[in-house]
Amino acid sequence: MKKLDFGLYVITGENYHPGRTLEEVMREALHGGADIVQLRHKTAKKDELLEKARLLRRLTREYGVPFIVNDDPELALEAEADGVHLGQEDGGWREARERLGPDAIIGISTHSLEQALAAEDAGADYIGVGPVFPTETKPGRPAVTLEYVRQASRHVRIPWVAIGGIGPHNAQQVLGAGATRLCAVSAIVGSASPAQACRELKAMIAAARGRRNGQAYEAGRELAAARAAGETNGWAAAAVDIVLNGGPHRTAAGTLERLVEERGLSGRRIVAEADGQIVPREEWSRCRLRRGMAVELVHFVGGG
Ligand SMILES: Cc1ncc(COP(=O)(O)OP(=O)(O)O)c(N)n1
Ligand SMILES: Cc1nc(C(=O)O)sc1CCOP(=O)(O)O
Ligand SMILES: [Mg+2]
């Protein structure tokens, strides 16, 4: 069965980061924990779109997360994306499924419960629920408000993601209304630190999921379950070459937490750094190892 397991969905929006490249910004978002990425660009020409799609395909493979193309199933095929996202006005849902096949991820935007149920029937793998709040990214589209989020949480059976005007400043309201997945453009790619914006949103999602399960959130638990299935985040963790304590090291650990285990250092007093930044222990399970990452594991030996 197709696995679709994500908390934070990040969509590109190049108008929000003048002076910074798509690669730079999306790499930061992936570094901060984006679980799924969509290429959305409403004005670029075909060749330019293909170039962007190929870039994002390469980056998302590096981080082991799915890659979705907005609006265009043919571009999705050409760029070897994992799927396509289509809106109510885009139509062509069934044709997209025929063209991309049963394993492709097909997402559909919905703005009411009626549309959500129709998208489920049409075989969507996930739906967008929004815009929850008014947003400059989709001007003129009326907000569906938290009321539709509450309805989705009660009635939608397939994965659904809240979208529209969402950022760290208001995510709590959306999660409180029952969302367990969030999607954002401007709050992430327009932020001074896309990685930090992602980390904040991921921490809020994790906490909300933990509260929903009626237990304190234990960061390692989700990963342990995924690991038992031989996967990370539902997607195979590929081996990457990192720089560990100054030397080359190839690992399929996937995350900092697993790397610590792999080195036989679990339970020891460790300070971990990734690319020069100290990573707090509670974030190790969410810190994905990527090619070329410089990791320092400093192990304190007992004594005074
Ligand atoms: C995850 C997600 N949800 C909603 C949309 C919006 O799709 P659509 O309504 O087709 O609008 P455009 O993005 O094409 O302007 C989306 N792209 N992704
Ligand atoms: C592209 C899009 N689709 C929406 C929908 O509700 O279908 S809301 C939206 C814009 C999301 O961008 P931001 O995070 O900047 O508000
Ligand atoms: Mg569309």
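The residue numbering used here restarts from 1 in each chain and proceeds along that chain's sequence as written. Whichever chain is written first is A, and whichever ligand is written first is 1; the rest continue in order. Totals for whole chains, interfaces and linings use every residue, but because this is a predicted model, local features are given only for residues with pLDDT of at least 70 and side-chain atom pairs only at 80 or more, for both listing and counting. Heavy atoms from the whole structure form the basis of all side-chain values; hydrogens and water molecules are not counted.

**Structural notes on the UniProt feature "binding site: Mg(2+)" (unreviewed entry) in the chain**
Then step 1. UniProt positions are given in the numbering used here, feature names are shortened, and annotations may be inferred rather than shown by experiment. The UniProt feature table records "binding site: Mg(2+)" (unreviewed entry) at D71 and D90. Considering the C-alpha atoms alone, the annotated residues occupy 20 residues of sequence yet fold into one spot, their largest mutual distance being 6.8 Å.
Then step 2. With respect to the secondary-structure elements, D71 resides in the loop between β3 (67–70) and α3 (73–78).
Then step 3. Setting aside residues up to four positions removed in sequence, D71 forms contacts with K42, V84, H85, L86 and D90. Only DSSP runs of H or I covering at least 4 residues are called helices, and only runs of E covering at least 2 are called strands; the numbering of each starts at the N terminus. The contact rule is simple, with two residues in contact once any of their heavy atoms fall within 4.5 Å.

**Some details on the packing of helix α1 (residues 22–31) against helix α2 (residues 46–63)**
To characterise two packed helices, one gives the angle between the axes of the helices and the distance between these axes.
Then step 1. Here the axes come from fitting lines to C-alpha atoms, over the contacting stretch only for helices, and the angles between their N-to-C directions go from 0 to 180 degrees. Remark: α1 packs on α2, axes separated minimally by 11 Å, with the N-to-C direction vectors making an angle of 25 degrees. Looking at the two axes, α1 sits roughly parallel to α2. Classified by chirality, the crossing of α2 by α1 is right-handed. Across from L22, E23, M26, R27, L30 and H31 in α1, the residues of α2 making contact are K52, L55, L56, R58, L59, T60, E62 and Y63.
Then step 2. Across the contact of α1 with α2, the residue classes tally to 7 nonpolar, 2 polar and 5 charged. When describing relative orientation, an angle under 35 degrees is termed roughly parallel and one over 145 degrees roughly antiparallel, while 65 to 115 degrees is termed roughly perpendicular and anything else oblique. The sense of a crossing depends on the near helix, which, turned anticlockwise from the far helix by less than a right angle, makes the crossing left-handed and, turned clockwise, makes it right-handed. For this classification, the nonpolar set comprises Ala, Val, Leu, Ile, Met, Phe, Trp, Tyr, Cys and Pro, the charged set comprises Asp, Glu, Lys and Arg, and every other residue, Gly included, is treated as polar.

**A short note on the side chain of S109**
Then step 1. Among the structural elements, S109 can be located in strand β5 (residues 105–110).
Then step 2. To sort residues, take the accessible area from a 1.4 Å probe on protein chains only and compare it with the maximum for the residue type: under 20% means buried, over 50% means exposed, and anything in between is partly exposed. Looking at S109, the relative accessible area reads 18%, which means it is buried.
Then step 3. Counted as a polar contact is a pair of N or O atoms within 3.5 Å, where, for protein atoms, one must be capable of donating a hydrogen and the other of accepting one, and residues adjacent in sequence contribute only when both atoms are in side chains. At 2.8 Å, the side chain of S109 and the side chain of H85 are in polar contact.
Then step 4. Look past the residues within four positions of S109 in its chain and what remains in contact with it is H85, L86, G87, Q88 and G128.

**Quick look at the site of ligand 1**
Then step 1. Consider each residue's heavy atoms; a residue with any of them within 4 Å of a molecule or strand counts as near. In the vicinity of ligand 1 there are 13 residues, among which R40, K42, D90, S109 and K138 approach most closely.
Then step 2. Within the side chain of Q38, a nitrogen or oxygen atom sits 3.0 Å from a nitrogen atom of ligand 1.
Then step 3. Taken by itself ligand 1 offers 420 Å² of open surface, and the protein chains cover 94% of this.
Then step 4. The class makeup of the residues in the shell around ligand 1 is 3 nonpolar, 5 polar and 5 charged. For every accessible area listed, the method is Shrake-Rupley and the probe measures 1.4 Å; residues are considered covered only by the protein chains on display.

**Quick look at the UniProt feature "domain: Thiamine phosphate synthase/TenI" (unreviewed entry) in the chain**
Then step 1. The sites that carry the UniProt feature "domain: Thiamine phosphate synthase/TenI" (unreviewed entry) are, in the present numbering, residues 8–188.
Then step 2. Across residues 8–188 one finds 39% helix and 18% strand; the C-alpha atoms that close the span lie 11 Å apart.

**Examining helix α9 (residues 194–212)**
Then step 1. Taking 1.5 Å of rise per residue, the 19 residues of α9 would be expected to cover 27 Å, and the 27 Å separating its terminal C-alpha atoms lies within 8% of that figure.
Then step 2. For α9, every residue scored as buried is listed here: P194, A195, A197, C198, L201, K202, M204, I205, A206, A208, R209 and G210. Every helix has an expected span of 1.5 Å times one less than the residues it contains.

**Digging into the packing of aromatic side chains**
Then step 1. Note on aromatic contacts: the rings of Phe and Tyr and the six-membered ring of Trp form a pair at centre separations within 6.5 Å, being stacked when their planes are under 30 degrees apart, edge-to-face when over 60 apart, and tilted otherwise. For the structure on display, the rule yields 3 aromatic pairs.
Then step 2. When the centroid spacing of 5.6 Å and the interplanar angle of 90 degrees are considered together, the rings of F6 and Y9 count as edge-to-face. The burial state of F6 is the same as that of Y9; both residues are buried.
Then step 3. Counting every residue linked through ring pairs, the aromatic cluster contains F6, Y9 and Y126.
Then step 4. Charge over a ring is defined by NZ of Lys or CZ of Arg lying within 6 Å of the ring centre and within 35 degrees of the ring normal. The residue whose ring lies beneath R181 is F6, and the NZ or CZ to ring-centre distance is 5.5 Å.

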